[in-house]
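Read off the chains here:
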Amino acid sequence: MNVTRTLPRWIVRTRTRTRRSQCVICRPFATSDPSPKRRRLDIAIVGLPNAGKSQILNVLTASRISAVSPKRHTTVQTVLGARTLQNTQLLFVDTPGFLRHDDAVDRDLMSSTAHVSQVDFTLLVVDAARRLTTDVQESLVRLMLQALQTEGRLEGILENDDNDDEPSTTTATTVLKPKFAVVLNKVDLVYPKVKLLDVAMEIGALAEECICYHHLEQQQEEEEGRSDSRPSLESILSSSSLSTRTPQQLDTIILPQMPMFFYVSALARDKDPGMQDLLQFLLEEATNCDEWELDPYELTNLSPEERVAEIVREQLYRALHQELPYQLRQKNRFWHIDTDLKTGVPRRIQIWQDIIVMTASHRDIVRGHQGRTLEHIRLRATKELQKLFQCTVVDLQLHVKLPKSKQQRRSRDWSIE
Ligand SMILES: Nc1nc2c(ncn2[C@@H]2O[C@H](COP(=O)(O)OP(=O)(O)OP(=O)(O)O)[C@@H](O)[C@H]2O)c(=O)[nH]1
């Protein structure tokens, strides 16, 4: 049976497979690009906790920017990553995942995702192996509506951005339309694969309702006084709003394009054909611009110190997983890079970092029996730092500390001096 005939077009989308020699992930940035026109796309990566957003950012940027671990909320702040290929810069914003509004951690993280409202495009990452419970569906609907409300060209996302600057007046800003794509990640965990179609159908139905809702909302803003045609948010979740509309109301709906669906396994990195398709698609979506946000060789807005902190945090989460308290802080106490004066290559890097926790029991968990856990974390992080800085001599020292006084701990004062 040919399944493609019985399914909506947006679910089964075949693309000609890119050969490895032509693969955009493998193709290096070309400095002598004959085409002077610069292109750019600002992309938010959103989704529920643990969906694989950071892993996708790392694959799409072909580097190790965001920490990845099985622990929820590994990403605690918005991270910017860039990939510049030929004349196109893709600027990614990795966001912390959240599920419900009533969870204190989620509430904190949600506030940090507020500024993704100005990106050009959104990737909604969904764990394909996870059940689509009501909570999950509710969060997906909120993220889809948020994505539909984006207004193009990212402004003020970089921490060091100068707010006094005039906003960029590129033609791209005016022509970009708000849109999103659904990235079904972890397809390697779904068996039999046909289950993926059920997941996609369910998410597609939600997306259709969200798009209708958004479209009607926009229409209503334009033509005031026709408030009766708009479905409620609750009816979107019950997936009945479209079917219960009168033919007269349906006449007024011009269905915008459905989102693209990508089926990926980010764990397989650039070997996954889905990831290659996704990168190719994003490059095609980019539009002309005057300026890029980052230099072609810059990969992220994180400082080297912050990247070191991310690497250590990833190893802390990987080693301790469920036992690790969220309430810890990292502080670089000493930082020295000994560089070869002739070549500019780092010869030796020294980093001493304090890991500050609030209770003695947390300190014992992080140190482990006879300090073995901490040593394991240190060794793993050292290996990653050697790769990051391309330097074999990395002296990383980790110290677990408590704030000195009880009062400091009670008032959550993280200073240890
Ligand atoms: N099996 C499998 N695991 C994956 C895949 N992609 C990511 N993971 C794993 O999923 C876990 C979560 O990945 P992250 O990238 O940290 O997820 P996140 O969405 O950034 O999570 P938060 O920080 O909670 O927002 C990690 O253990 C990854 O190794 C995949 O394609 N297949």
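Above this note sits the structure.
Numbering of residues starts from 1 in each chain and follows the order in which that chain's sequence is written. Two thresholds apply to this predicted model, a pLDDT of at least 70 for residue-level local features and 80 or more for giving and counting side-chain atom pairs, whereas whole-chain, interface and lining totals are computed over all residues. Calculation of side-chain values draws on the structure's entire complement of heavy atoms; hydrogens and water are dropped beforehand.

### Section: the environment of His-399
Helix and strand definitions here come from DSSP, where helices need a minimum of 4 consecutive H or I residues and strands a minimum of 2 consecutive E residues; each element is numbered from the N-terminal end. Structurally, His-399 is set in strand β10 (residues 394–401). By relative accessible area, which is 27% here, His-399 ends up partly exposed. Separated by 25 residues in sequence, His-399 and Leu-374 place their C-alpha atoms 8.6 Å apart. Whether two residues are in contact is decided by their heavy atoms: any pair within 4.5 Å suffices. With near-sequence residues (within four places) excluded, His-399 lies in contact with Arg-333, Gln-353, Asp-354 and Ile-355. Only protein chains enter the accessibility calculation, which uses a 1.4 Å probe. A residue is then buried if its area is under 20% of the maximum for its type, exposed if over 50%, and partly exposed in between.

### Here's the deal with the environment of Val-190
Tracing the backbone through its elements, the reader meets Val-190 in the loop between β5 (179–185) and α6 (195–222). According to the relative accessible area criterion, Val-190 is buried, its value standing at 5%. Residues Val-190 and Asp-127 lie 63 residues apart in sequence; the distance between their C-alpha atoms is 9.8 Å. Apart from the residues within four sequence positions on either side, Val-190 is in contact with Ala-128, Ala-129, Lys-195 and Leu-196.

### Observations regarding the sheet that holds strand β9 (residues 346–357)
Note on sheets: strands pair through backbone hydrogen bonds, and any given pair is parallel or antiparallel. Each pair of strands is called paired provided DSSP finds at least two bridges between the two strands. Read from one edge of the open sheet, 3 strands run β8-β9-β10, paired in mixed fashion. With one partner strand each, in any of the chains shown, β8 (328–339) and β10 form the two edges of the open sheet. Taking each pair of neighbouring strands and ignoring which way they run, the sheet shows an average axis angle of 10°. Bridge count for β9 against β10 is 8 bridges, and the pairing is parallel. In the sheet register, Asp-354 faces β10, and the bridge partner there is His-399. For helices, the fitted line uses only the C-alpha atoms of the stretch in contact; every axis is such a line through C-alpha atoms, and the angle between N-to-C directions lies from 0 to 180 degrees. Contacts between helix α10 (residues 304–320) and the sheet are confined to β8, β9 and β10, with β8 contributing the most and set at about 125° to the helix.

### Section: the site of the ligand
Around the ligand, 23 residues are found, and the nearest of them are Lys-53, Ser-54, His-73, Thr-75 and Asp-188. Within the contact set of the ligand, an oxygen atom lies 3.1 Å away from a backbone nitrogen or oxygen of Ala-51. Broken down by element, the residue count for the shell around the ligand peaks at 3 residues, all from helix α2 (residues 53–60). In this count, Pro and Cys sit with the nonpolar residues alongside Ala, Val, Leu, Ile, Met, Phe, Trp and Tyr, while Asp, Glu, Lys and Arg are called charged and the others, Gly among them, polar. Residue composition of the shell around the ligand, by class: 8 nonpolar, 11 polar and 4 charged. Nearness is judged by heavy atoms alone; a residue qualifies as near a molecule or strand once a single heavy atom is within 4 Å of it. Here a polar contact is taken to be a pair of N or O atoms separated by no more than 3.5 Å, where protein atoms must pair a possible hydrogen donor with a possible acceptor and residues adjacent in sequence count only if both atoms sit in side chains.

### Remarks on the pattern of salt bridges
Should a side-chain nitrogen of Lys or Arg be within 4 Å of a carboxyl oxygen of Asp or Glu, the pair is scored as a salt bridge. Evaluation of the coordinates by the stated rule reveals 15 salt bridges. Residue Glu-293 pairs with Arg-40 through a salt bridge whose shortest N-O separation is 3.0 Å. Residue Glu-293 is found in the loop between β7 (287–289) and α10, and its partner Arg-40 is found in strand β1 (residues 38–47); the two are separated by 253 residues along the sequence. Look at Glu-293 and you get partly exposed, because its relative accessible area is 22%. Beyond isolated ion pairs, a larger network of salt bridges with shared partners links Arg-64, Glu-314, Arg-318, Glu-384 and Lys-387.

### Some words on the side chain of Gln-89
Locating Gln-89 in the fold gives a position in strand β3 (residues 88–94). Taking the relative accessible area as the measure of exposure, Gln-89 reaches 0% and is therefore buried. A distance of 2.9 Å separates the side chain of Gln-89 from the backbone oxygen of Leu-294, its partner in a polar contact. Apart from residues no more than four positions distant in its own chain, Gln-89 is found in contact with Arg-39, Arg-40, Leu-41, Arg-83, Thr-84, Trp-292, Glu-293, Leu-294 and Asp-295.

### Some points on the pairing of β1
With 8 of 10 residues buried, β1 lies mostly within the body of the structure. Relative to β7, β1 runs antiparallel, the two being bridged by 3 bridges. Residue pairing across strands places Arg-39 opposite Asn-288, the latter belonging to β7. Pairing of β1 with strand β4 (residues 121–127), which is carried by 5 bridges, proceeds in the parallel orientation. Residue pairing for β4: Ile-43 is matched across the bridge by Phe-121.

### So, the packing of aromatic side chains
Pairing of aromatic side chains requires ring centres within 6.5 Å, counting the rings of Phe and Tyr and the six-membered ring of Trp. Pairs whose planes differ by under 30 degrees are stacked, by over 60 edge-to-face, and all others tilted. Under the counting rule described, the total for this entry stands at 4 aromatic pairs. A centroid spacing of 5.2 Å and a plane angle of 55° characterise the contact between Phe-262 and Phe-281, whose relative ring orientation is tilted. One end of the pair, Phe-262, is in strand β6 (residues 261–263); the other, Phe-281, is in helix α9 (residues 273–285), and 19 residues separate them in sequence. Comparing Phe-262 with Phe-281 shows no difference in burial state: the two are buried. Centre to centre, the rings of Phe-334 and Trp-352 are 4.9 Å apart; their planes meet at 45°, and the pair counts as tilted.

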